[in-house]
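# A look at the structure
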Amino acid sequence: MPELPEVEVVRAGLAPAVTGARIAAADVLDERALTRHDRTSGAFETLVTGARIDAAVRRGKFLWLPIGAERAIVGHLGMSGQILLRTPDHPGDDRHARIRLHLEHPEHGELRVDFVDQRTFGSLAVDRLVPTIDGEVAGFSADVTGEWARAIPTQVAHIARDPLDPAFSDAGFVAALARRSSGVKRVLLDQGVISGIGNIYADESLWAVRMHPEQQASSISARRSRELLAAVREVLAKALAEGGTSFDAQYVNVNGASGYFVHSLNAYGRAGLPCPRCGTPMVREPFMNRSSHRCPRCQRQRAPRRAAAAGA
DNA sequence: CCCAAAACCTGGCAGC
DNA sequence: TGCTGCCAGGTTTTGG
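Residues numbered from 1 in each chain as written. Chains lettered and ligands numbered in written order. Predicted model: local features only at pLDDT ≥ 70, side-chain atom pairs only at ≥ 80, totals over all residues. Heavy atoms only, no water.

### With respect to the overall build of chain A
If you tally the helices and strands in chain A, you get six helices and 11 strands. For 312 residues, the compact-globule estimate of 2.2 N^0.38 gives 20 Å, and the C-alpha radius of gyration of chain A, at 21 Å, lies within 12% of that figure. With the C-alpha coordinates aligned to their principal axes, the bounding extent of chain A is approximately 70 × 40 × 35 Å. Considering chain A as a whole, with its 312 residues, one finds that 52% of them fall into the buried category. Taking as baseline every contact in chain A between residues at least 6 positions apart, the subset at least 24 positions apart corresponds to 66%. On chain A, roughly 14,200 Å² of surface is accessible, and the fraction owed to carbon and sulfur atoms is 51%. One way to put it: in chain A the 39 positive side-chain charges average out to a point 11 Å from where the 35 negative ones average out. (Helix = DSSP H or I, 4+ residues; strand = E, 2+ residues; numbered from the N terminus. Rg over C-alpha atoms; globule rule 2.2 N^0.38 Å. Buried < 20%, exposed > 50% of the residue type's maximum accessible area, 1.4 Å probe, protein only. Contact = heavy atoms within 4.5 Å. Areas by Shrake-Rupley, 256 points an atom, 1.4 Å probe, with all protein chains shown as cover. Lys, Arg positive; Asp, Glu negative; His and termini not counted. Charge placed at Lys NZ, Arg CZ, Asp CG, Glu CD.)

Right, here's the structure in full:
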């Protein structure tokens, strides 16, 4: 599923092809791909047609293409979204194609950007850019010199910086864990605290530091919190280096190729298989209408804190 | 503010 | 073969 590494692979692939390109036309094939588009500002097609794309920027799992200093096309891949670069004459037989952008690039000529999404949790939208709250660069992109660089789409403004962002606050993360009473995995998945982590990399990171997903966040020491953050960074960076994680071709990069990180997973999807560290069979447990994967030996839960004078 | 759970959606697959 | 129901899960919304 697309988490930070997968979205970054898409962004990096898209950037050189779309930067500087003009959008000649847009086809909306399925209105459900525009659920996050606010129509009161105008129709999607009208707003993007004729616009020039200045960059491809990412924060966490959100991706956006600034079109001028005031607006951007915001994309989220949801669970099954893909953004595919194609030649203009590519057959239009894609069953799950939702939106097509026809581009004219001064150097690369004509090309097509297809937003393809089976499960329709993903979306594109035209959104307003607003200044970042801290005045820092909004997200990751090759070029940060444009007017758009320190501006963020309103839809993304509430999303925390991701752990690979130079402006991410390690101390802020430690403090956030310290004041949360819920389980640590829930906090890792909270995009308002730290962005870019989904179910796969949460399980991988927790395995790496031998932490139980339901460990109460506030019970974790500052030192252990920093170890966890370091593990998150390591896991994300490694996945990124390997081109992202994908199963059954749900996720593909802009050229349509799958990532290879699936071969490197230590916890996710390994229920019943031996823990790569100690050999104990891994378990899968229900978690927020989905699953957690962990080693029952390496990742034991510390006794939950009890209220004072509890019991009878 | 904090927390938890439901809702959104499609297609693969197991089980009958 | 064909039906049913579960499962995958990121984000927003809703309710407490």
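There's more to say after this.
### Quick look at the UniProt feature "binding site: DNA" (unreviewed entry) in chain A
The UniProt record annotates "binding site: DNA" (unreviewed entry) at H96, R119 and R180. Maximum C-alpha separation among the annotated residues is 39.7 Å over a sequence range of 85 residues, too wide for a single clustered spot. Considering only the annotated residues already named, the ones lining the largest pocket are R119. Along the polypeptide, R119 turns up in the loop between β7 (109-117) and β8 (123-131). (UniProt positions renumbered as here; feature names shortened; annotations may be inferred. 1 Å grid on protein atoms, 1.4 Å probe; cavity = no way out; pocket = protein on both sides within 12 Å on 5 of 7 lines; lining within 4 Å.)

### Focus on the protein's contact with DNA strand C
Taken together, the neighbourhood of DNA strand C is formed by 17 residues, with R36, H76, M79, R119 and Y268 sitting nearest. Near the protein, within 4 Å, the atoms of DNA strand C are sugar or phosphate in 65% of cases. Here R119 contributes a side-chain N or O atom positioned 2.8 Å from a base nitrogen of DNA strand C. One of the side-chain nitrogen or oxygen atoms of S291 is found 2.9 Å away from a phosphate oxygen of DNA strand C. When the residues that make up the surface near DNA strand C are grouped by side-chain class, the tally is five nonpolar, seven polar and five charged. (Near = heavy atom within 4 Å. Polar contact = N/O pair within 3.5 Å; in protein donor to acceptor, adjacent residues only side chain to side chain. Nonpolar A, V, L, I, M, F, W, Y, C, P; charged D, E, K, R; others polar.)

### Some points on the side chain of R100
Tracing the chain through its elements places R100 in strand β6 (residues 97-105). Residue class for R100 comes out buried when judged on its relative accessible area of 10%. Among the polar contacts made by the side chain of R100, one reaches the side chain of D114 at a distance of 3.5 Å. Residues within four places of R100 in sequence aside, it is in contact with A25, A26, D27, L29, G92, R112, V113 and D114.

### Overview of the protein's contact with DNA strand B
In the neighbourhood of DNA strand B, 13 residues make up the surrounding shell, with R32, H96, R180, S181 and S182 lying closest. At 3.2 Å, a side-chain N or O of Q118 approaches a sugar or linking oxygen of DNA strand B. Here a phosphate oxygen of DNA strand B and a backbone polar atom of S181 are 2.6 Å apart. For the surface near DNA strand B, the class distribution of residues is one nonpolar, six polar and six charged.

### Things to note about the pairing of β6
Counting buried positions over the nine residues of β6 gives seven, a clear majority of the element. The pairing of strand β1 (residues 22-28) with β6 spans six bridges and is classified as antiparallel. Bridge pairing links I23 to L103 in β6. With eight bridges connecting them, β6 and β7 associate as antiparallel partners. Note on β7: the bridge partner recorded for E104 is E110. Remark: three residues form the turn of the hairpin made by β6 and β7, two consecutive strands paired antiparallel. (Pairing = 2+ DSSP bridges.)

### A closer look at the UniProt feature "domain: FPG-type" (unreviewed entry) in chain A
Under the UniProt annotation, the feature "domain: FPG-type" (unreviewed entry) is placed at residues 266-300. With 0% helix and 29% strand, residues 266-300 has its two end C-alpha atoms placed 16 Å apart.

### Considerations on the domain arrangement of chain A
One widely used convention gives an interface's size as the accessible area the parts lose upon coming together. You can read the domains of chain A as domain 1 (4-155) and domain 2 (170-294). Using C-alpha coordinates to define each centre, domain 1 is positioned 27 Å away from domain 2. (Domains from an automatic or database assignment.)

### Overview of the packing of helix α5 (residues 199-208) against helix α6 (residues 222-241)
Where α5 contacts α6, the axes come no closer than 9 Å and their chain directions differ by 125 degrees. Taken together, the axes of α5 and α6 are oblique relative to one another. Taken as a pair, α5 and α6 cross one another with a handedness that is right-handed. Taken together, the residues of α6 that come into contact with α5 (itself represented by Y201, E204, S205, L206 and A208) are L228, A231, V232, V235, L236 and A239. Across the contact of α5 with α6, the residue classes break down as nine nonpolar, one polar and one charged. (Axes fitted to C-alpha atoms, helices over the stretch in contact; angles between N-to-C directions. Parallel < 35°, antiparallel > 145°, perpendicular 65-115°, else oblique. Left-handed = near helix turned anticlockwise from the far one by under 90°.)

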